[in-house]
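Reading the structure
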Amino acid sequence: MTQHHPNAGESRLERGKRALADIDGEAGHNVVAALADIAPDFATYLLEFPFGDIYSRPGLDLRSREVATIAALTAMGNAAPQLKVHIEAGLNVGLGREEITEIIMQMAVYAGFPAALNGLFAAKEVFARRDLA
């Protein structure tokens, strides 16, 4: 995966849609689609800010951004649906299952065993779903 650099002719929304498709694939599209009937503006904000602005910055590659995101969502302990999407994204941008497992286990030191356990079970679910595909 290549890092997206802001293109002067590209809107934040267009850049965000492209980044979301590259990073999260179908899982990201499903999140945006699920917001269509309740909060379409929020879906636009999600595309523009996190993906159009932050993920598209040149300072880190997408793999590094997903390491940070998986760690943060695991440490939060209350974001299993988002963690699953970003575990998928990590796999999409080149992280291995063992690396993802290690990232989540590392969070036991900083966020506690319950958060790490929840993260490991989220990863187990994503890995199993991928094995069925």
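Just above sits the structure.
Residues numbered from 1 in each chain as written. Predicted model: local features only at pLDDT ≥ 70, side-chain atom pairs only at ≥ 80, totals over all residues. Heavy atoms only, no water.

1. A word on the side chain of S56
- Topologically, S56 is positioned in the loop between α3 (40–54) and α4 (62–76).
- A polar contact of 2.7 Å, which involves the side chain of S56, links it to the backbone oxygen of F51. (Helix = DSSP H or I, 4+ residues; strand = E, 2+ residues; numbered from the N terminus. Polar contact = N/O pair within 3.5 Å; in protein donor to acceptor, adjacent residues only side chain to side chain.)

2. Section: the packing of α4 against helix α6 (residues 97–111)
- Interhelical geometry of α4 versus α6 gives an angle of 45° and a closest axis separation of 9 Å. Between α4 and α6, the angle is such that the two are oblique. Read as a crossing pair, α4 and α6 show a hand that is right-handed. Counting all contacts with α4, which are made through R63, V67, I70, A71, T74 and A75, the residues of α6 involved are E99, I100, I103, I104, M107 and A111.
- Considered class by class, the residues forming the contact of α4 with α6 number 9 nonpolar, 1 polar and 2 charged. (Axes fitted to C-alpha atoms, helices over the stretch in contact; angles between N-to-C directions. Parallel < 35°, antiparallel > 145°, perpendicular 65-115°, else oblique. Left-handed = near helix turned anticlockwise from the far one by under 90°. Contact = heavy atoms within 4.5 Å. Nonpolar A, V, L, I, M, F, W, Y, C, P; charged D, E, K, R; others polar.)

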